[in-house]
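Structural overview
Each chain, letter by letter, is given below.
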Amino acid sequence: MEIVKQAHRVGNMVSTAYVLVDDKTGVTIIDTGPGHFGRKILEYLKTIGRSPADVSRIILTHRHFDHIGGAAELRSATRAKVYAHPLDAPQITGAEPMQWPKGAIGAAMKVMGPILFPFAPCPVDEYLADGMEIDLGSLGVLQTTLTPGHTIGHCSFYLPSRNMLIAGDALNNASGTPSVPMDAVNDDTHMAHETVLVIAQKFSGAETLVFGHGAPIIGSGAQALQKSAALSTAALQKTKSK
Ligand SMILES: [Zn+2]
Ligand SMILES: [Zn+2]
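Residues numbered from 1 in each chain as written. Chains lettered and ligands numbered in written order. Predicted model: local features only at pLDDT ≥ 70, side-chain atom pairs only at ≥ 80, totals over all residues.

1. Topic: the overall build of the protein
When helices and strands are tallied, the protein shows seven helices and 13 strands. Computed over its C-alpha atoms, the radius of gyration of the protein comes to 17 Å, within 12% of the 18 Å expected for a compact globule of 242 residues. Taking the principal axes of its C-alpha atoms as reference, the protein extends roughly 55 × 40 × 30 Å. Across the 242 residues of the protein, 46% fall into the buried class. Taking all contacts inside the protein whose residues are at least 6 apart in sequence as the whole, residues at least 24 apart take part in 63%. (Helix = DSSP H or I, 4+ residues; strand = E, 2+ residues; numbered from the N terminus. Rg over C-alpha atoms; globule rule 2.2 N^0.38 Å. Buried ≥ 20, exposed ≤ 12 C-beta atoms within 10 Å, placed from the backbone. Contact = placed C-beta atoms within 7 Å.)

Below, the structure written as structure tokens:
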């Protein structure tokens, strides 16, 4: 589905990818879902008249299995370059083992995860960095912001031409209010809350917000970010008073 002009969302309940389309610089895919979700992305591209050869970049917001599963398959189908932050890259390339959530959820996922969501290691061709701008031709630049906490190398992306923030898992909108994901899936929940405050300030005028999980917010992004900041402020105060 096209969210704003030339920016599409491919998703279901579990996984989401974003497809940014420019005729000159090619198609940019942000996140690739789990397992064989890459095939779904390729099928979607067909419906908008694009072929694998049109894809020039695959950008990964972070290293979790539900965002990078399709990366290796897509990279070989498209010959696109894969971008990720160096702090998250070792688990994408297979240099370090995949890290599953903490606690009971993690113990179950460690067993079931690789069966349900097979994951092939994927080379990282370009390193993302805070402040890095990627030229998307008619879509203008895509600005990279390091948004650590959910994972230490998590990046979110802002597209000024569409006033759209691609939050990844820095914010989860499954509940209808964008907020920090549950503690079991975060590297550092305290840091994730601090990052939300930075996001809410830096992108206070954003109209459209899209997420790794949950429905997009179109038009009322600024108000939603205020709510997110209030939730994170309350959470930080709670940990302080403990
Ligand atoms: Zn994640
Ligand atoms: Zn996720």
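So that's the structure; there's more coming.
2. Examining the pairing of strand E10 (residues 155-159)
In terms of burial, E10 is largely enclosed, as five of its five residues are buried. Here E10 shows no split at all, with Cys155, Phe157 and Leu159 on one side and Ser156 and Tyr158 on the other all buried. When strand E9 (residues 141-146) meets E10, the two strands line up antiparallel, connected through four bridges. Counterpart to threonine 144 in the pairing with E10 is phenylalanine 157. In sequence, E10 turns back onto strand E11 (residues 164-166) through a hairpin of four residues, with asparagine 163 there showing a positive phi of about 45°. (Pairing = 2+ DSSP bridges.)

3. Some details on the environment of valine 55
Tracing the backbone shows valine 55 in strand E5 (residues 55-59). Using a count of 24 C-beta atoms within 10 Å as the deciding quantity, one classes valine 55 as buried. Taking the C-alpha atoms as reference points, valine 55 and isoleucine 29, 26 residues apart in sequence, are found 7.5 Å from one another. Once residues lying within four places of it in the same chain are set aside, the contact partners of valine 55 are Gly26, Val27, Ile29, Thr78 and Ala80.

4. Observations regarding the sheet that holds strand E2 (residues 7-11)
Note on sheets: strands pair through backbone hydrogen bonds, and any given pair is parallel or antiparallel. Spatially, E1-E2-E3-E4-E5-E6-E7 is the arrangement adopted by the seven strands of the open sheet, whose pairing is mixed. Two strands close off the open sheet at either side, each with one partner strand: strand E1 (2-4) and strand E7 (126-127). Here E2 pairs with strand E3 (residues 16-22) via five bridges, running antiparallel. The partner of arginine 9 across the bridge, within E3, is tyrosine 18. Against the sheet, helix H3 (residues 71-78) contacts strand E4 (26-30), E5 and strand E6 (81-84), and its axis sits at roughly 165° relative to E5. (Axes fitted to C-alpha atoms, helices over the stretch in contact; angles between N-to-C directions.)

5. Some words on the sheet that holds strand E12 (residues 208-210)
As summarised here, the arrangement of the six strands in space is E8-E9-E10-E11-E12-E13, forming an open sheet in which the pairing is mixed. The open sheet has two free edges, formed respectively by strand E8 (133-135) and strand E13 (217-218), since each of these has just one partner strand. Together, E11, E12 and E13 form the strand contacts of helix H7 (residues 221-241), whose direction differs from that of E12 by roughly 55°.

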